[in-house]
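Each chain is listed here by its residues.
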Amino acid sequence: MRFRYEVVCRWYDDDEHSDEVLARVVDVDGLFADIVPPERERLVLRGCTVAPDELTGDFHLDISGSPGSQWWHLGDLVVHAVLPGGDVVASACVTQLVDGEDFGPLPVRYSLFKDLRESGTCRVVEGFPRPFDSVWPPVTLIGCDNPGLFRSEPREDARGPYVGLRALDPNGRIVAHAGVVLDVTSVTTSAVGGGLFDVVLDQSRYGECSLIGQRPEPAARAVWRSWQEGIPAERNLWAPLDPHGRMWWNEIAANAPRTKPTAGVHHVDGTYATDEFGVHLALSEALVGPGRFLGGVHSITGMYEDWWFVPGITLVWHDPDVALDAVPERFFGLLKYLRRNGVEIHFEPSEPDFEDRLEDSVELGALVDRWITGWARAAELEPPYAMLDNWHLWAGLPGREEERILAGDALVAEHAEDVELQSVPTWLTVPTHSPAEVTRLVQEAGLVPREPETFMRRGLFDHPAPKPPDGYSVRVTPGDVIEVVVTCDGEEAASGLIAVVGEDAVPHRIATKPEHQRKGLGSVVMGVLAREAVKAGASDGLLFATAEGLHLYRKLGWDTISDVVIAANDKGEA
């Protein structure tokens, strides 16, 4: 009789852990399940600022206190009565999603969210905050060989136990883990035979126990079963799965042996790339083979291992129209990221318009990559963190705690929606050849557009370098970031910085005091900065110009690369 699962306790001692196998199990029933839906309950919302006729459908309730917080789902909210003072009597199916630390003082804020956007507040929601116990259906171990070893108390010599199941393939390789509480409610002789038992495990304490994995949802059942038959050796076995199943397929693949891509031509079967998971799995099977892991859907490098891009990879993507119809922006963003990292891409059949857009965006993204390093250095910011198709910076400025800078205009709507949900003031900066379309997308996501800028470039060898007017002198401070100050009678009149990174130079913070404007001092500063940057090895200048500085840079011969759309989530001082 083949055992598909093992019941294990995991014991921790400092940073080490060991797994103790308590029993082997032929199969499991009830493991792939959702939480039992809650019953409807009455709610009283005191001082609610949301109009009663808008209080319908699914809402989220955020309770923020000090230091605790809770996040609740109010499913199918229905208003039954409106009382004086904005009080509302309603009902909903109530489920707790996040339980923060214990509350100290009474909660200071009750906020209602519709579609993850704040709709209004309540003075109080009666009965909240409160504890909540998720109700999970029981799990039955079918054909368990040793239920007598189950125990719920930890040993005194180690930290633990973390309990649960691990799924096995025919070779005994661990496929996945699942958290299961070992609270035995019944043990009966199993029809499987062989001295085995069927064991029912109560899961009412699921949220209170330390578990070695999360309980899988129903969409994972077919995936686990497939992988428990062995590492898949054929392509597209995931194709019949829905998006949740495909997500689980890639999660299970993370436990498979790792194979790095090799140089050469790789053919992508795009027939089933009907969602973002399908696109990723089709690419994974082309580069590393079926049953292997390329990385996360949103981060194919770096998150799980150093994959890096092997020089000499060529992708031939067959039937690209499938992904273009289903997930055009996700497909574009992924291919752009691959191209920016040296992967050659061809389409079969050809998609000329899409290929031209891809090449244009790759060129723009490469220039953004070059600019951002110098800009962060000149602005004295922490080095930016590279993501799939964007850069993330911690600016730490009033009204601008964080900033996300896209390497072109792929996935704008997705990024804008995410930025809008950030809890701190965050900017989204998008270099683009389509500023009107990008502006529309960021506004639809709820962001507030700021004054646009212009991405510009110029060779530095022949940069104009006018002399300062009579009565003005120039002071140069060399370094990784070169500083130029123009003075008059010992007082600063104009100044600027330039960061040199290899052959690139990025001017920053070019400014002239109001009383010294219209004397050409900006041109003087830029000319000296260009000269000093060339001395330091730079040949090419890149900058983002504000509307105020655009005239100066155009006069000095800087060319426009693209427009730059900037928007903020308006969660702090602008």
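Note that the structure is a prediction, hence the values are computed from the model and not measured.

Asks: Looking at this structure, how should I read the overall build of the protein?
Replies: The helix and strand inventory of the protein stands at ten helices and 29 strands. Referenced to the eigenvectors of the C-alpha coordinate spread, the extents of the protein come out at roughly 100 × 70 × 50 Å. A burial count over the protein gives 48% of its 574 residues as buried. Partitioning the contacts of the protein with sequence separation of at least 6, the portion at a separation of at least 24 is 68%. Counting every atom, the protein has about 27,100 Å² of accessible surface; 50% of that belongs to carbon and sulfur.

Asks: Looking at this model, I keep getting lost on the sheet that holds strand 5 (residues 69–82). Mind explaining?
Replies: Sheet strands associate in pairs through backbone hydrogen bonding, adopting either a parallel or an antiparallel arrangement. In spatial order, the strands read 8-7-4-5-6-3-9; together these seven strands make up an open sheet with antiparallel pairing. The two strands at the open ends of the sheet, each matched to only one other strand, are strand 8 (117–122) and strand 9 (124–125). Across five bridges, the pairing between strand 4 (residues 57–64) and strand 7 (residues 109–114) is antiparallel. Counterpart to Ile 63 in the pairing with strand 7 is Tyr 110.

Asks: Just to check I follow, could you spell out a nonpolar patch on the surface for this structure?
Replies: A surface patch of nonpolar side chains, amounting to about 210 Å² of accessible area, comprises Ile 35, Val 36 and Val 135. By the secondary structure assignment, Val 36 is in the loop between strand 2 (16–29) and strand 3 (40–46).

Asks: Just to check I follow, could you spell out the packing of helix 5 (residues 328–340) against helix 6 (residues 352–378) for this structure?
Replies: Packed helix pairs are characterised by how far apart their axes lie and by the angle those axes make with each other. Closest axis-to-axis distance for the helix 5/helix 6 pair is 9 Å, and the angle between their directions is 55°. Considering their axes alone, helix 5 and helix 6 lie oblique with respect to each other. Here the hand of the crossing between helix 5 and helix 6 comes out right-handed. Along the contact surface, helix 5 presents Glu 329, Phe 331, Phe 332, Leu 335, Lys 336, Arg 339 and Arg 340, while helix 6 presents Phe 354, Arg 357, Leu 358, Glu 359, Ser 361, Val 362, Gly 365 and Asp 369. The class makeup of the residues in the contact of helix 5 with helix 6 is six nonpolar, two polar and seven charged.

Asks: I tried to follow the environment of Arg 24 on my own but got confused; where do I start?
Replies: Its location among the elements puts Arg 24 in strand 2. In this structure, the C-alpha to C-alpha distance between Arg 24 and Cys 144, residues 120 residues apart in sequence, is 5.7 Å. Ignoring sequence-local partners within four residues, the contact set of Arg 24 consists of Phe 3, Tyr 5, Glu 6, Gly 143, Cys 144 and Asp 145.

Asks: Sorry, what's going on with the packing of helix 2 (residues 243–253) against helix 3 (residues 276–287) here?
Replies: Interaxial distance between helix 2 and helix 3 falls to 9 Å at its minimum, and their mutual angle equals 35°. The chirality of how helix 2 crosses helix 3 is left-handed. Taking contact as the criterion, the partners of Pro 243, Arg 246, Met 247, Trp 249 and Asn 250 in helix 2 are, on helix 3, Phe 277, Gly 278, His 280 and Leu 281. Class assignment of the residues belonging to the contact of helix 2 with helix 3 gives a composition of five nonpolar, three polar and one charged.

Asks: How should I be thinking about the nonpolar core in this particular structure?
Replies: Soluble globular proteins tend to bury their nonpolar side chains together. Among the nonpolar cores identified, the biggest contains 71 residues, and Leu 141 and Trp 224 are the most heavily contacted of them. In terms of residues, this core owes the most to one element, helix 3, which gives six residues. If near-sequence neighbours (up to four positions away) are discounted, Trp 224 is found in contact with Tyr 5, Leu 31, Phe 32, Ala 167, Ala 176, His 177, Ala 178, Pro 216, Trp 248 and Ile 252. The next biggest cluster of nonpolar side chains, apart from the first, holds 28 residues, and it includes Leu 460, Val 525, Ala 545 and Leu 552.

Asks: Mind showing me how you'd approach the sheet that holds strand 16 (residues 313–318) here?
Replies: Strand order in this open sheet of three strands is 15-16-17, and the pairing throughout is parallel. Strands with a single pairing partner mark the edges of an open sheet, and in this sheet they are strand 15 (264–269) and strand 17 (344–348). Here the average twist between neighbouring strands, direction ignored, is 20°. By the bridge criterion, six bridges tie strand 15 to strand 16 in an arrangement that is parallel. Paired with His 267 across the strands is Val 316, a residue of strand 16. Against the sheet, helix 3 touches strand 15 and strand 16, its axis set at about 145° to strand 15.

Asks: What am I meant to see in the environment of Ser 210 here?
Replies: With respect to the helices and strands, the residue Ser 210 is situated in the loop between strand 14 (197–202) and helix 1 (221–227). Taking the relative accessible area as the measure of exposure, Ser 210 reaches 35% and is therefore partly exposed. Linking Ser 210 and Ala 499, residues 289 residues apart in sequence, is a C-alpha distance of 51 Å. Those residues within four positions of Ser 210 in sequence are excluded, and the remaining contacts are Pro 161, Tyr 162 and Val 163.

Asks: How should I be thinking about helix 6 in this particular structure?
Replies: Helix length check: helix 6 (27 residues) gives 40 Å between terminal C-alpha atoms against 39 Å at 1.5 Å per residue, within 8%. Positive phi shows up at Glu 380, right after helix 6, with a value of about 60°.

Asks: It is not clear to me how the pairing of strand 3 should be interpreted in this structure. Could you clarify?
Replies: Moving residue by residue along a regular strand, the side chains alternate between the two faces of the sheet. Pairing analysis gives six bridges linking strand 3 to strand 6 (residues 88–99), with the strands arranged antiparallel. Considered in strand 6, the bridge of Glu 41 is made with Ala 92. Looking at chain direction, strand 3 and strand 9 are connected through two bridges and run antiparallel. Its bridge partner being in strand 9, Arg 46 is matched across the sheet by Val 124.

Asks: Would you mind going over the pattern of salt bridges with me for this structure?
Replies: Charged atoms that come close allow side chains of opposite charge to pair. All told, the structure shown has 30 salt bridges when counted by the stated rule. Here Glu 444 and Arg 440 are joined by a salt bridge, their closest N and O atoms 2.6 Å apart. Taken as a pair, Glu 444 and Arg 440 lie in helix 8 (residues 435–444) at a separation of four residues, close to a single helical turn. Each of Glu 6, Arg 10, Asp 19 and Arg 166 takes part in a single network of salt bridges with overlapping partners.

Asks: It is not clear to me how the side chain of Asp 504 should be interpreted in this structure. Could you clarify?
Replies: Following the sequence through the fold, Asp 504 ends up in strand 27 (residues 504–512). In this structure the side chain of Asp 504 is engaged in a polar contact, spanning 2.6 Å, whose partner is the side chain of Arg 370. Contacts of Asp 504, omitting those with residues within four sequence positions, involve Arg 370, Ala 499, Ala 538, Asp 540 and Leu 542.

Asks: When you look at the state of the cysteines in this model, what are you seeing that I'm missing?
Replies: Every disulfide links exactly two cysteines, by a covalent bond between their sulfur atoms. Tallying each qualifying case throughout the model produces zero disulfides. Distance from the sulfur of Cys 144, which forms no disulfide, to the nearest cysteine sulfur (Cys 9) is 13 Å.

Thresholds applied
Per chain, residues are indexed from 1 in the order of the written sequence. pLDDT decides what is reported in this predicted model: residues at 70 or higher carry local features, side-chain atom pairs at 80 or more are listed and counted, and totals for whole chains, interfaces and linings draw on all residues regardless. Derived side-chain values reflect all non-hydrogen atoms in the structure, with water molecules and hydrogen atoms excluded from consideration. Every helix listed is a DSSP run of H or I at least four residues long, and every strand listed is a run of E at least two residues long, numbered separately from the N terminus. Only protein chains enter the accessibility calculation, which uses a 1.4 Å probe; a residue is then buried when its area is under 20% of its type maximum, exposed when over 50%, and partly exposed in between. By the convention used here, residues are in contact when the closest approach between their heavy atoms is within 4.5 Å. Accessible surface area values rest on a Shrake-Rupley calculation with a 1.4 Å probe, where residue burial reflects the displayed protein chains alone. Any two strands with at least two DSSP-identified bridges between them are counted as paired. Each patch is built from salt-bridge-free residues with over 30% relative accessible area, joining like charges within 9 Å and nonpolar side chains (Val, Leu, Ile, Met, Phe, Trp, Tyr) within 5 Å. What makes a salt bridge here is a side-chain nitrogen of Lys or Arg within 4 Å of a carboxyl oxygen of Asp or Glu, nothing more. Between N-to-C directions, angles span 0 to 180 degrees; the directions come from axes that are lines fitted to C-alpha atoms, helices contributing only their stretch in contact. Comment on the angle field: the value is read as roughly parallel under 35 degrees, roughly antiparallel over 145, roughly perpendicular from 65 to 115, and oblique elsewhere. Definitions for this section: a left-handed crossing has its near helix turned counterclockwise from the far helix by less than a right angle. A right-handed crossing has that turn clockwise. The classification used treats Ala, Val, Leu, Ile, Met, Phe, Trp, Tyr, Cys and Pro as nonpolar, Asp, Glu, Lys and Arg as charged, and all other residues, Gly among them, as polar. The term nonpolar core refers to a set of buried residues drawn from Ala, Val, Leu, Ile, Met, Phe, Trp, Tyr and Cys, joined through side-chain atoms within 4.5 Å. In a helix, the anticipated span is given by 1.5 Å times the number of residues less one. A 3.5 Å cut-off defines polar contacts: any pair of N or O atoms within that distance qualifies, except that in protein one atom must be a possible hydrogen donor and the other a possible acceptor, and neighbouring residues in sequence count only when both atoms are side-chain atoms. To count as a disulfide, a pair of cysteine sulfur atoms needs to be within 2.5 Å.

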